[in-house]
Number of protein chains: 2
Amino acid sequence: MKDYLCDKGKKVADAVIRRLPRYYRQLCYLESQNISRISSNALGESLDLKATQIRQDLNSFGGFGQQGYGYPVSELRDIIADILSINSQWKMVIVGAGNIGRALSGYDEFMLEGFQILALFDNDKAMVDKQFGRMPVYDVSTLADYIKENHVDIVALAVPSRVTQSLADLSIRAGANAIWNFAPVDVFCDDVVVENIHLTDSLMALSYNLGQKLK
Amino acid sequence: MKDYLCDKGKKVADAVIRRLPRYYRQLCYLESQNISRISSNALGESLDLKATQIRQDLNSFGGFGQQGYGYPVSELRDIIADILSINSQWKMVIVGAGNIGRALSGYDEFMLEGFQILALFDNDKAMVDKQFGRMPVYDVSTLADYIKENHVDIVALAVPSRVTQSLADLSIRAGANAIWNFAPVDVFCDDVVVENIHLTDSLMALSYNLGQKLK
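Asks: Is there a simple way to think about the packing of helix 2 (residues 40–47) of chain A against helix 3 (residues 51–59) of chain A in this case?
Replies: Residue and element names in this part refer to chain A. Where helix 2 contacts helix 3, the two axes come as close as 8 Å, and the packing angle between them is 110°. With respect to helix 3, the axis of helix 2 lies roughly perpendicular. Counting all contacts with helix 2, which are made through S40, N41, L43 and G44, the residues of helix 3 involved are A51, I54 and R55. Taken together, the residues of the contact of helix 2 with helix 3 break down into three nonpolar, three polar and one charged.

Asks: Explanation requested: the interface of chain A and chain B in the structure shown.
Replies: With 65 residues of chain A in contact, the opposing surface of chain B contributes 65 residues. Both faces considered, chain A and chain B share a buried interface measuring about 5800 Å² in area, 67% of it formed by carbon and sulfur atoms. The tally of links from chain A across to chain B stands at six salt bridges. Among the ionic pairs, R22(A) bridges to D186(B), the shortest N-O distance being 3.2 Å. In this structure, the connection of chain A to chain B is made through 24 residue pairs in polar contact (both at pLDDT 80 or more). At the level of elements, helix 1 (14–32), helix 2, strand 3 (90–95), helix 5 (99–105), helix 6 (108–112), strand 8 (178–181), strand 9 (193–196) and helix 9 (199–214) of chain A are the ones that each hand at least two residues to the side of chain A that touches chain B. The greatest single-element share of the side of chain A that touches chain B, amounting to 16 residues, is contributed by helix 9 of chain A. Of the residues assigned to the side of chain A that touches chain B, the class counts are 37 nonpolar, 13 polar and 15 charged.

Asks: So what exactly am I meant to see when it comes to the sheet that holds strand 9 of chain A here?
Replies: Adjacent strands of a sheet pair through backbone hydrogen bonds, lying either parallel or antiparallel. The sheet built from seven strands is open, its strands ordered 5-6-4-3-7-8-9 (chain A) with mixed pairing. Strands with a single pairing partner mark the edges of an open sheet, and in this sheet they are strand 5 (131–132) and strand 9 of chain A. The sheet contact formed by strand 7 (residues 154–157) of chain A and strand 8 of chain A spans four bridges and is parallel. Bridge assignment links A156(A) to a residue of strand 8 of chain A, and that residue is W180(A). This element, helix 7 (residues 143–150) of chain A, spans strand 3, strand 4 (115–122), strand 6 (135–139) and strand 7 of chain A of the sheet and lies at about 160° to strand 4 of chain A. The strands touched by helix 9 (residues 199–214) of chain B are strand 3, strand 4, strand 7, strand 8 and strand 9 of chain A; relative to strand 9 of chain A, the strand with the most contacts, the crossing angle is about 170°.

Asks: I tried to follow the relation of the copies chain A and chain B on my own but got confused; where do I start?
Replies: Two copies of the chain are present, and they differ by a rotation about an axis and a shift along that axis. With an RMSD of 0.0 Å, chain A superimposes on chain B once it is rotated by 180° and translated 0.0 Å along the axis. The transformation relating the two chain copies, once decomposed into turn and shift, fits a two-fold axis. An overlap of 100% is found between the interface residues of chain A and their copies at the interface of chain B, pointing to a shared contact surface.

Asks: Explanation requested: the nonpolar core in the structure shown.
Replies: Nonpolar side chains tend to gather and get buried jointly when the protein is soluble and globular. Core analysis: the largest hydrophobic core is formed by 110 residues, its most contacted members being F110(A), W180(A), L199(A), F110(B), W180(B) and L199(B). Residues in contact with F110(A), not counting those within four places in the same chain, are M92(A), L104(A), F115(A), I117(A), W180(A), L199(B), T200(B) and L203(B).

Asks: Even after reading the chapter, I still don't get helix 1 of chain A, so can you show me in this structure?
Replies: Three- or four-residue spacings in an α-helix give side chains the same orientation, since the helix completes a turn every 3.6 residues. Over its 19 residues, helix 1 of chain A runs 28 Å from end to end, which matches the ideal 27 Å to within 8%, given 1.5 Å per residue. Check the buried side of helix 1 of chain A and you find it contacts strand 1 (37–38), helix 2, helix 3 and helix 4 (73–83) of chain A together with helix 9 of chain B.

Asks: I'm lost on the sheet that holds strand 6 (residues 135–139) of chain B in this one. Help?
Replies: All names here are of chain B. The strand order across the open sheet formed by seven strands is 5-6-4-3-7-8-9, and the pairing between neighbours is mixed. In this open sheet, the two edge strands, each paired with only one partner strand, are strand 5 (131–132) and strand 9 (193–196). As judged from the three bridges shared by strand 4 (residues 115–122) and strand 6, these two strands associate in the parallel manner. Counterpart to F121 in the pairing with strand 6 is Y138.

Asks: Help me understand the side chain of Q26(A) in this model?
Replies: All names here are of chain A. With respect to the helices and strands, the residue Q26 is situated in helix 1. The buried category is assigned to Q26, whose relative accessible area is 15%. Side chain to side chain, Q26 and S46 meet in a polar contact 3.4 Å long. Ignoring any residue separated from it by four or fewer positions in sequence, one finds Q26 in contact with L43, S46 and L47.

Asks: Please clarify how the packing of aromatic side chains should be interpreted in this entry.
Replies: Here the distance between the centres and the angle between the planes together describe a pair of aromatic rings. Residue and element names in this part refer to chain A. Under the definition given, this model contains twelve aromatic pairs over all chains. Note on Y138 and Y146: the rings are 5.6 Å apart at their centroids and 40° apart in plane angle, and the pair reads as tilted. Pairing W180 with F182 gives two aromatic rings, centres 4.8 Å apart and planes at 75°, and the pair type is edge-to-face. Given the relative accessible area of 0%, W180 is considered buried. Look at F182 and you get buried, because its relative accessible area is 6%. Joined through ring pairs, the aromatic side chains of Y107, F110, W180 and F182 make up one cluster.

Calculation rules
Residues numbered from 1 in each chain as written. Chains lettered and ligands numbered in written order. Predicted model: local features only at pLDDT ≥ 70, side-chain atom pairs only at ≥ 80, totals over all residues. Heavy atoms only, no water. Axes fitted to C-alpha atoms, helices over the stretch in contact; angles between N-to-C directions. Helix = DSSP H or I, 4+ residues; strand = E, 2+ residues; numbered from the N terminus. Parallel < 35°, antiparallel > 145°, perpendicular 65-115°, else oblique. Contact = heavy atoms within 4.5 Å. Nonpolar A, V, L, I, M, F, W, Y, C, P; charged D, E, K, R; others polar. Buried area = accessible area lost by both parts, 1.4 Å probe. Salt bridge = Lys/Arg side-chain N within 4 Å of Asp/Glu carboxyl O. Polar contact = N/O pair within 3.5 Å; in protein donor to acceptor, adjacent residues only side chain to side chain. Pairing = 2+ DSSP bridges. Least-squares fit on C-alpha atoms with pLDDT ≥ 70 in both. Core = buried A, V, L, I, M, F, W, Y, C linked by side-chain atoms within 4.5 Å. Buried < 20%, exposed > 50% of the residue type's maximum accessible area, 1.4 Å probe, protein only. Expected span 1.5 Å × (residues − 1). Phe/Tyr/Trp six-rings, centres within 6.5 Å; stacked < 30°, edge-to-face > 60°.

This is the structure in structure tokens:
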């Protein structure tokens, strides 16, 4: 990461980090529309956010753009990609070749953003050594060796809840630095990045809001 | 929702709502282990949260449990289910019978929590009138009529970004009250519940944290 992006040791709030992909997506779209500069007001309107929020978020990383001139679209997109460490060619494997695992392995969007999916793993002998699309399926008993040999960064776990923590532990011992967890359980790992996609939790939050709306 | 759950007109913070499914999951687990009471300390430890956080969250809904006696597990689980409006038998359809759509339609967990998935919709004639598991696939041109006739509450959109907003608009005009969006775009709808699963955004947040860790 370049020096001007340095956050000078300050920890940036998680909520800010979670807005950056939205900025990134919108900037990619603007670039595809041949728009070369955008004001924080216009960017805010397109994202249903306040301009002050956007300026404040970007100031966490040093601030970019020039007062009255707006942000240069391509440059800001590249800076945000840099902050997010995408385009780093992180190496990922997916454990669990069920519906979710196969869906992830076929999601071309990830490749475009610099995530290289290497393989699927499963414990079902009927699946092992098959291919889904271009993706090979290996026996989960070979997972640790594969992670070590291929310097895998991210392990996506789309497996039953009861085996999620043990597979996370195994992956980390083998050298993985991040777990992307799709099982409806919390994964606890020290000194490792854990990111969760809890589909049922998301649906429950939706249900709460729906209940409130229809009350 | 019962009266004692009433939040007396106060809007509960989104962060609180998003912790409730975690409490719910843990309470289900505790019940399966025949544990009938739990202190906020023990519940906090198992979830890596402070006991004060848990007490404060539950107090948003009136507070339950008795000082020094902890919370009754089954009762608190039922109360949280009630707050979240799960077990309401919300009716859901899934638009897009690609990898993600099919994964969602096969996710039995949703049924257990009171979400009834009725059908898949797609515009690919080769898929229409087929079945995935027990799930029928209908032509997306019939979506609006289907929503009206079957009083569909929730429309899950697992479709390309470019058609997401128009399908959300169509669904809402037909009477749906919530959109569960899986496309990597923001959906804007007035007076309707929108909940997003942005896989790429989640992976970008993971990438940021991984970049920070390895710096």
